[in-house]
Amino acid sequence: MKHKIFKIVKRTVAIILAFFLLFVGYVIVSVHYWSITDEGRLPPKTAVLLYAINNNIVTPDMQPPRFLIQQRPATIAREDLLMPVEEGEIPIRVYYPKREGPHPVILYYHGGAFLEGYGNIETHDNIIRALSARTQSVVIAVGYRVAPQYVFPTAVEDSYEALLWAYEHAERFNGDSDRIAVAGDSAGGNLATAVALMTRDFQGPELVAQALLYPLTTFQDLPLQSRIIYDSGYYLLARSVMYRARDLYTPEEEMWLSPYNSPLNAESLEDLPPTLIITAEFDPLKDEGEQYGERLANSGVPVKHLHYEGVMHGFISFYEVMNLGNHGLRETVSYLKNMFEGEEVQQTLVKEMVSPPKGKEGVREYLESYAIAAFLIVQDLLN
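Summarised in this report is the structure supplied together with it. For every chain, the first residue of the written sequence is number 1, and numbering continues from 1 along that sequence. Two thresholds apply to this predicted model, a pLDDT of at least 70 for residue-level local features and 80 or more for giving and counting side-chain atom pairs, whereas whole-chain, interface and lining totals are computed over all residues. Excluded from the side-chain calculation are hydrogens and water; included are all heavy atoms of the structure.

With that settled, the discussion passes to the packing of aromatic side chains. To pair, rings of Phe, Tyr and Trp, with the six-membered ring standing in for Trp, must have centres within 6.5 Å; the planes then decide the type, stacked if under 30 degrees apart, edge-to-face if over 60, and tilted in the middle. Taken as a whole and judged by the stated rule, the model has 14 aromatic pairs. Arranged with centres 6.4 Å apart and planes meeting at 55°, the rings of Tyr-160 and Phe-202 form a pair that is tilted. Of this pair, Tyr-160 sits in helix α4 (residues 154-169) while Phe-202 is found in the loop between α5 (187-201) and β8 (209-213), placing the two residues 42 residues apart along the sequence. Here Tyr-160 falls in the buried class, since its relative accessible area comes to 9%. With relative accessibility at 48%, the residue Phe-202 sits in the partly exposed group. Grouping aromatic residues by their ring pairs yields a cluster made of Phe-114, Phe-152, Phe-219 and Tyr-249. Counting as a charge over the ring demands two things of the Lys NZ or Arg CZ atom: a distance within 6 Å of the ring centre and an angle within 35 degrees of the ring normal. Directly above the aromatic system of Tyr-150 lies the positively charged group of Arg-145, at a separation of 4.9 Å from the ring centroid. A cation over an aromatic ring shows up here: Arg-246 above the ring of Trp-256, its NZ or CZ 3.8 Å from the ring centre. Elements are defined by DSSP. Helices are runs of H or I of four residues or more, strands are runs of E of two residues or more, and each kind is numbered from the N terminus. Relative accessibility thresholds used throughout: buried, under 20% of the residue-type maximum; exposed, over 50%; partly exposed, between the two (1.4 Å probe, protein chains only).

Structure representation (structure tokens):
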């Protein structure tokens, strides 16, 4: 009897092991397949995340697996407010340190193609919260009004009004009105640099710095290769969405000529604050971000340009599960902290290429990629 039971257990273990090995093999083959694209070979983590997003396996409100994130004690407080603007009010979210100030102030403008349903304060809450906690700054996220209901220049005016509001109300959150920076990603990067131009042109509050994460810098039809090569939408931004945004947000062609829409084509970029620009390899906006950095530097503005290889548009939003996303966030935090502390910068362009991690970090990134892939495959099967 014992011998028979042993044989049954042995057979069961062998079957389970075989299924496990088959599953592991399926995961490895799947990740390899997801990594192959017409535009080039993707790193495993990028491939896994893009596959999951484009196949609706993950949703915007889905939390990362717990084994990939570290819980930290809250050092910041949050308030959701309504800020008055012309003909109404807009939502803003304020994160601020709990300790005594005065603290620097960051105005953050979220991405989302200037269109309803593509981005808002909630979709970018993780970046906003992390910026406040890591820089120990007051971060004000601006819920500017978007198309199709509101066309240009409403979003720009709301964004600039938020800067004036922050300057006037900084003390309410133990903020320092003499140390204000603007930051934003994608469409929000466009708005951040538009605000920098406006406060220069209208003698508004002086800015310490601007941080532009994969920014849109022109609405004009320029021969930009990255817009052509990465236009499918698989890399989280489609050229069709960009055209739709232009048609709805700037329905009149003369709007495309405004420096507050197309800063790349502005007549003058002098006297703007020191600038951090982050671009991504697999991103339709790569070329215009790079060209904007060059134009700023040629105008005497200190520019630090970090170009990340192997990642897609919006990659910093995935900082909780993506090594390069976290690296980009750390660099943004470090840059803003240095500017707030009054670090001297040279009138030059500093450009750095950031590659996928190697060594121990690279091994960990690979293992996490396959772990996430297994998690997603199981989630897909369960659904």
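Moving on from the coordinates now.
One recurring pattern in soluble globular proteins is that nonpolar side chains are buried together. We call a set of buried Ala, Val, Leu, Ile, Met, Phe, Trp, Tyr and Cys residues a nonpolar core when their side-chain atoms join them within 4.5 Å. In this structure, Leu-107, Tyr-109, Ile-140 and Tyr-249 are the most contacted members of the largest nonpolar core, which totals 64 residues. Grouped together as the second largest cluster of nonpolar side chains are 56 residues, Val-208, Ala-211, Tyr-319 and Ile-377 included.

Because each turn of an α-helix spans 3.6 residues, side chains separated by three or four positions in sequence point in the same direction. Of all the 11 residues making up helix α2 (residues 44-54), 8 are buried; the element is thus mostly covered by neighbouring parts of the structure. The set of residues buried in α2 consists of Pro-44, Lys-45, Thr-46, Ala-47, Val-48, Leu-49, Leu-50 and Ala-52. Asn-56 occupies a position one or two residues after α2 and carries a positive phi of about 55°.

Exposure above 30% relative accessible area and the lack of any salt bridge qualify a residue for a patch; like charges then connect within 9 Å, and the nonpolar side chains Val, Leu, Ile, Met, Phe, Trp and Tyr within 5 Å. The Shrake-Rupley method, run with a 1.4 Å probe, gives the accessible areas here. Residue values count only the displayed protein chains as cover. Any carboxyl oxygen of Asp or Glu within 4 Å of a side-chain nitrogen of Lys or Arg constitutes a salt bridge here. We score Asp and Glu as negative and Lys and Arg as positive, and we do not count His or the chain ends. We put the charge of a Lys on NZ, of an Arg on CZ, of an Asp on CG and of a Glu on CD. Residues Glu-86, Glu-87, Glu-157, Glu-161 and Glu-168 make up a contiguous surface patch of negative charge. Take Glu-86: it is sitting in the loop between β3 (76-85) and β4 (88-97).

Below, the discussion takes up the pattern of salt bridges. The full count for this structure, using the stated rule, is 18 salt bridges. With a closest N to O distance of 3.6 Å, Glu-79 and Arg-172 form a salt bridge. Taken together, the residues Glu-79 in strand β3 and Arg-172 in the loop between α4 and β7 (175-185) connect sequence positions 93 residues apart.

A word on the side chain of Asn-126. Along the chain, the position of Asn-126 falls in helix α3 (residues 125-135). A residue is classified by how much of its surface remains accessible, and Asn-126, at 12% relative accessible area, is buried. Residue contacts follow a heavy-atom distance rule, with two residues in contact if any of their heavy atoms lie within 4.5 Å. Contact partners of Asn-126, with chain neighbours within four places excluded, come to Ser-317, Tyr-319 and Glu-320.

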